[in-house]
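# Coordinate inspection notes
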Amino acid sequence: RAPRRPGREAGMAAALKRCLVRRRDGREQHGLAASCLRELRDKARGILAIDKAGEPITLVLAEDGTIVDDEDYFLCLPPNTKFVALAKNEKWSSKSLDSGTGWLSEPADEVDSGAEKWKQLARQLKDDLSNIILMSEEDLQVLIDVPRSDLAEELAQSESKVQVLQDTLQQVLDRREEERQSRQLLELYLEALKNEDSILSKVAASEAVPGKEMDEVDTGSSSTGSSARRVLSDQILAALKEKPAPELCLDSQDLELVLKADPEALSSALQWDRQKAAALQQACDQELSKRLQQVQTLHSLRSTSKGKKTLPWGDWPSSKRKK
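Residues numbered from 1 in each chain as written. Predicted model: local features only at pLDDT ≥ 70, side-chain atom pairs only at ≥ 80, totals over all residues. Heavy atoms only, no water.

### Quick look at the overall build of the protein chain
Cut-off, in case you're wondering: Each helix is a run of DSSP H or I of at least 4 residues and each strand a run of E of at least 2, with the numbering of both proceeding from the N terminus. Accessibility here uses a 1.4 Å probe with only protein chains present; expressed as a share of the type maximum, an area under 20% marks a residue as buried, one over 50% as exposed, and anything in between as partly exposed. Working rule for contacts: check all heavy atoms of both residues, and any pair within 4.5 Å makes them a contact. The protein chains shown are the only cover counted for residues, whose accessible areas, like all others here, come from Shrake-Rupley with a 1.4 Å probe.
Scanning the protein chain from N- to C-terminus turns up 15 helices and four strands. Here the protein chain holds 323 residues, and the buried ones make up 32% of them. Within the protein chain, contacts between residues at least 6 apart in sequence are counted, and of these 58% link residues at least 24 apart. When the accessible surface of the protein chain is totalled, it reaches about 21100 Å², and 51% of it is carbon and sulfur.

Below you can see the structure in the form of structure tokens.
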């Protein structure tokens, strides 16, 4: 074989003219490269899925509808000229304007209508099913709600295939919702871990307090309420006096301090009777126990989560998948 000549190949590539084609009622443009008008017609028929059994398609300029049927005229057109492909019995009209901005001149109610929207989305799927990934959740729901027969007619597919498609769209929608919920749960879990660390640090700090002051509270000095005031800050005492269900307002370290206070000294500091002070300490004890139980639960969740492996996207369980 004779070696190829780089100069000849470069000349052939340079002879190709890049063009943009679309259907009369379509807004999606396709880029093509053709060396002659006939080649452009053939490629346009294929990429736009126009029936080959019909008459040859007619190419017109998108901007004004000028028919392009002369080879010399085609060669004189600049690169990236926009064409509209007309099949049999189709005619160009002023509504078939450049898809880039021409649709702005159409009536708003026609463009924004639900019927027009789902048809546009269906055409996107017809061109490339991977467009599902790029669709919003609202767009997915629109296609799911379309009657199966209407969507089958628009896509030129059987109703059974359209049913599979709508099931797939529902799975994509469900998976996005699951991801959203998983993220929310993760945020709550991380927030709970922060609270857990705060509780444990405060418990450790309270255990490090010298026992001398605690002994003063536990022994109950003769000076009424003085020992309780030394251990319980004015802020804690104010919360105990003024807040409804004060045990819910205090942190766990403050709850422990209230529990360790001598009941008689506490009632004197709060100017309550002994029975009311004892009820307060009991409520604080219940609240602290509940919080410690939550801490243990979080520890168990952490241990369990460390032992599990994260599933890849493709292996997520789905109730709609075949067993």
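There's plenty left to go through after this.
### A short note on the environment of Ala 204
Here Ala 204 is to be found in helix 9 (residues 159–207). On the accessibility criterion, Ala 204 (44% relative accessible area) is partly exposed. Note: C-alpha distance between Ala 204 and Gln 253 (49 residues apart in sequence) is 9.1 Å.

### Quick look at the packing of helix 12 (residues 234–242) against helix 14 (residues 263–270)
Our working definition: Throughout, an axis means a line fitted to C-alpha atoms (over the contacting stretch in the case of helices), and angles, computed between N-to-C directions, take values from 0 to 180 degrees. What sets the label is the angle itself: under 35 degrees gives roughly parallel, over 145 gives roughly antiparallel, 65 to 115 gives roughly perpendicular, and the rest give oblique. The classification used treats Ala, Val, Leu, Ile, Met, Phe, Trp, Tyr, Cys and Pro as nonpolar, Asp, Glu, Lys and Arg as charged, and all other residues, Gly among them, as polar.
Running from N to C, helix 12 and helix 14 point in directions that differ by 80°, and their axes come no closer than 10 Å. For the element pair helix 12 / helix 14, the angle class is roughly perpendicular. Counting all contacts with helix 12, which are made through Leu 237, Leu 240 and Lys 241, the residues of helix 14 involved are Leu 266, Ala 269 and Leu 270. Split into classes, the residues belonging to the contact of helix 12 with helix 14 amount to five nonpolar, no polar and one charged.

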